[in-house]
Amino acid sequence: MATSVIPQTSRRVLVIPLIRVTPSLAALSYNVPAGLDVSPGGCVQIPFRTKTIEGIVWAEDTTEKRKGTKSILSRKENFYLTTEQLAIAKWLQQQTLTPLNIILRSMVLGGRRESQTKIRAQSKVTIVECPTGLARQKVLMKWSQLIAAKVAYTLIVVPNQGAASQWMALLKNLKPLHIVPPRGATAQRRLLTDLRATKTYITTHVGLLYPLPPIDRVILDLADDEGYFAFDQAPRVDLRALTITFARAHCAALLVLTRWLSPAVVGTLGSSEATRIGERPVATLIDRQNEPPGERGHLPPSYLLEKLQKTRTLWLHSRTSEAGRYVCSDCGTAVLCPTCTTPLRVRSRNPLILECVRDHLKIAAPSTCTHCKGTKLSTRGPGIQQVARTIAELTGSQTVATLERGTVQGDLESALHVVSTTAIGSYPALTFAAAVILQPDSYFSQQGYRSAEQFFSAFALARAAVTPQGSLFIVTYKPETLAYTFLNNPNSWTDQTLRERAELNYPPAGTMVVLQPRKRVTNPTPQPFNEMHIPSGVSKVIIKNSWLLRAANLKHDALLQCIQQYLDPSWEAIVNPPALPQD
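Scope of this entry: the structure provided in the associated data block. (Residues numbered from 1 in each chain as written. Predicted model: local features only at pLDDT ≥ 70, side-chain atom pairs only at ≥ 80, totals over all residues. Heavy atoms only, no water.)

**Quick notes on the packing of aromatic side chains**
A complete count under the given rule lists twelve aromatic pairs for this structure. With centroids separated by 6.1 Å and ring planes inclined at 40°, the aromatic side chains of Trp260 and Trp493 adopt a geometry described as tilted. One end of the pair, Trp260, is in the loop between strand 13 (253-258) and helix 7 (263-269); the other, Trp493, is in helix 13 (residues 490-504), and 233 residues separate them in sequence. Pair check on accessibility: Trp260 and Trp493 agree, each one buried. Ring geometry for Phe456 and Trp493: centres 4.7 Å apart, planes at 40°, overall tilted. (Phe/Tyr/Trp six-rings, centres within 6.5 Å; stacked < 30°, edge-to-face > 60°. Helix = DSSP H or I, 4+ residues; strand = E, 2+ residues; numbered from the N terminus. Buried < 20%, exposed > 50% of the residue type's maximum accessible area, 1.4 Å probe, protein only.)

This is the structure:
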């Protein structure tokens, strides 16, 4: 039986297969059959080995034709990536070194085939600092009125669903579309239809990967939130930078709302010029150094608790669950997660269960230390559950609620006392007459270049939750810590920190890349690549099994090109992570 021959043209295109492949197969050349109209962003059916798969047309292939090049089989109608999606994908690939097939698989097909033809002005950036929840609420109401008065395509990016609910309530008359990942093909088709039926969209970062129409304005809400770091997924990227890239791809005006001008916000936007709405609440530093020995062990301090026992108070604590960590008394090493090597938290005491809040992994507490083989292991530091019990016992209050990632106990709206981790950031509408930050010194004992920034982020959360006439306390055993001198002007600390990071080439004032063996590779090569390939001006430090490379931002492109060209496939690169590898 004779096989049919597909008429060919001399045209060839590069197609990105939408499956997991090795780096050498990330972009494949295919012939375009005569009469088949394909363009960048189009979805096509292609032969791959012994099966047929889908791929995205990326660009024209101008290289020399190879013998045996296969042909595209067909084009999927009405399945395209928009021009803006392609621009974002290219930026993600350049900035994170994530393979294009992984990036394109995370995007949603279904956009228009051609980009907008009218000329659009370059995006304008406006930064508004809202230190308190009341100030932010005023800005939200003002912009809700502006959005309603001047209907234009508007995208509002939020770090959590709590902030999304606030915007949905304010804009309900416009019937905004809340973009959340749909479950199933039917829900996906319905969502794509809804995208074309409205002009106002509210989303977390997932909406940035959807085939949205040309957006006129983008609002980046709570831009200082730690939730914008997305380093537990691929591509690993600071979502603030992704939002800014989205706005630039659409030539949209960008409004940035932030509780404080953090290094991440200022460094990513490249500007510290902001309009501040309202005054910053003044913080009171409580020094526990000279307290009697018996009093120093109380957390929270009994005299502060007595003062606030009838006041609606937020107690912000950095330690989750029952206790902070399970630590070896012989060597001081905390028990680490076997998957991601972060310190485990004590989830329950009877039986003693440890938990990784990142991987949602729970294990029984080990009897020996894996580091020194010692047997003297114990819990260190009370967690929010212990603090909540102490408050309930000393005040006689039955209205004590606790909040940590994914777990709420009690009524957060009516409770007189709420003990929470930084998960309180997911409830921006909650307000308190007082807020207390417990054991902030623990932030500064952590390894990494962002420990002080994480403290100020927690401080901004507490400050935003307090009413204008409320009180804000910081309970510390180390009042001499330098960061505390900037409590009432954290923006000055940001300026100083960015200068220091520029000297040390730490993000966002510099470029940092961590090279580490891939988790699923059993026998990685001893080195990611030959040291002779490292560009001049790039420093290298070996931390455990990882390489830490740092360079000035002027060397950013040269460093990433070097890694892209020479990195062994058994290693992976993480660009500008929010934390350093653990020793």
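**Thoughts on helix 14 (residues 556-566)**
Listing the buried residues of helix 14 in full gives His556, Leu559, Leu560, Cys562 and Ile563. Looking straight down helix 14, one finds that the buried residues subtend no more than 155° of arc, so they occupy a single side. Turned more than 90 degrees away from the buried face of helix 14, the exposed residues are Asp557, Gln561 and Gln565. Where the residues of helix 14 are buried, they touch helix 1 (83-96), strand 27 (510-517), strand 29 (546-552) and strand 30 (571-575). (Arc of directions from axis to C-beta. Contact = heavy atoms within 4.5 Å.)

**Focus on the pattern of salt bridges**
For side chains of opposite charge, pairing can occur when their charged atoms come near one another. The tally for this structure, following the rule as stated, stands at 16 salt bridges. Residue Asp61 is joined to Arg12 by a salt bridge in which the shortest nitrogen-to-oxygen separation is 2.9 Å. With a gap of 49 residues between them, Asp61 in the loop between strand 4 (51-60) and strand 5 (74-80) and Arg12 in strand 1 (residues 8-17) connect regions that are remote in the sequence. By relative accessible area, which is 9% here, Arg12 ends up buried. When the shortest N-O distance is used, the salt bridge between Glu453 and Arg501 registers 2.8 Å. One end of the pair, Glu453, is in helix 12 (residues 451-465); the other, Arg501, is in helix 13, and 48 residues separate them in sequence. Side by side, Glu453 and Arg501 carry an identical accessibility label, which is buried. Within this structure, Glu226, Arg450, Glu453 and Arg501 form a network of salt bridges that share partners. (Salt bridge = Lys/Arg side-chain N within 4 Å of Asp/Glu carboxyl O.)

**Re the side chain of Asn505**
Mapped onto the secondary structure, Asn505 falls in the loop between helix 13 and strand 27. Take Asn505: its relative accessible area is 15%, and that puts it in the buried class. Side-chain polar atoms of Asn505 contact the backbone nitrogen of Ala552, separated by 3.3 Å. Those residues in contact with Asn505, other than ones at most four positions away along the chain, are Gly510, Thr511, Arg550, Ala551 and Ala552. (Polar contact = N/O pair within 3.5 Å; in protein donor to acceptor, adjacent residues only side chain to side chain.)

**Some words on the environment of Arg550**
Positionally, Arg550 belongs in strand 29. What makes Arg550 buried here is its relative accessible area of 15%. Through-space distance from the C-alpha of Arg550 to that of Ala429 is 40 Å; in sequence the pair is 121 residues apart. Apart from the residues lying within four places of it in its own chain, the contact partners of Arg550 are Leu504, Asn505, Tyr506, Thr511, Met512, Gly537, Val538, Ser539 and Val541. Here Leu504 takes part through its backbone oxygen, which lies 2.7 Å from a polar atom of the side chain of Arg550.

**Observations concerning the sheet that holds strand 30**
Strand pairing in a sheet takes place through backbone hydrogen bonds and is either antiparallel or parallel in direction. An order of 28-29-27-30 is seen for the four strands of this open sheet, with the pairing classed as antiparallel. Whereas interior strands pair on both sides, the edge strands pair on one side only; in this sheet they are strand 28 (539-543) and strand 30. On average, each strand axis in the sheet is tilted by 20° relative to the strand beside it, whichever way the strands run. Pairing of strand 28 with strand 29 involves five bridges; the strand directions are antiparallel. Directly across from Ser539, in strand 29, lies its bridge partner Arg550. (Pairing = 2+ DSSP bridges. Axes fitted to C-alpha atoms, helices over the stretch in contact; angles between N-to-C directions.)

**What about the packing of helix 1 against helix 6 (residues 239-249)?**
With their axes 9 Å apart at the nearest point, helix 1 and helix 6 run at an angle of 140° to one another. The angle between helix 1 and helix 6 falls in the class oblique. Between helix 1 and helix 6 lies a crossing of right-handed hand. Each of Glu84, Ala87, Ile88, Trp91 and Leu92 in helix 1 lies in contact with helix 6, whose residues at this interface are Ala241, Leu242, Thr245, Phe246 and Ala249. Looking at the contact of helix 1 with helix 6 residue by residue, the classes come out as eight nonpolar, one polar and one charged. (Parallel < 35°, antiparallel > 145°, perpendicular 65-115°, else oblique. Left-handed = near helix turned anticlockwise from the far one by under 90°. Nonpolar A, V, L, I, M, F, W, Y, C, P; charged D, E, K, R; others polar.)

**Quick word on unusual backbone geometry**
Note the cis peptide between Pro507 and Pro508, where omega equals 0°. You will see that Leu97, though not glycine, has its phi angle at about 60°, which is positive. Along the polypeptide, Leu97 turns up in the loop between helix 1 and helix 2 (100-106).

**Here's the deal with helix 13**
Because each turn of an α-helix spans 3.6 residues, side chains separated by three or four positions in sequence point in the same direction. With 15 residues, helix 13 ought to run about 21 Å at 1.5 Å a step, and its terminal C-alpha atoms sit 21 Å apart, in line with that. Among the residues making up helix 13, those that are buried are Pro490, Asn491, Trp493, Thr494, Thr497, Leu498 and Arg501. Along helix 13, the residues classed as buried sweep out an arc of 140° about the axis, all on the same side. When the buried face of helix 13 is taken as reference, the exposed residues oriented beyond 90 degrees from it are Arg499 and Glu503. Positioned one or two residues after helix 13, Asn505 has a phi angle of 60°, which is positive. (Expected span 1.5 Å × (residues − 1).)

**Section: the environment of Leu191**
Relative to the assigned elements, Leu191 resides in helix 5 (residues 185-195). When near neighbours in sequence (up to four residues on either side) are disregarded, Leu191 contacts Leu177, Ile179, Val180, Pro182 and Tyr210.

**Side note on the pairing of strand 10 (residues 217-220)**
Burial along strand 10 is two-sided: Arg217 and Ile219 facing one way and Val218 and Leu220 facing the other are all buried. Direction of pairing for strand 7 (residues 154-157) relative to strand 10: parallel, over a ladder of four bridges. Looking at the pairing, Leu155 lines up with Val218 of strand 10. One ladder, built from four bridges, connects strand 10 with strand 13; its direction is parallel. Counted as the bridge partner of Arg217 is Ala253 from strand 13.

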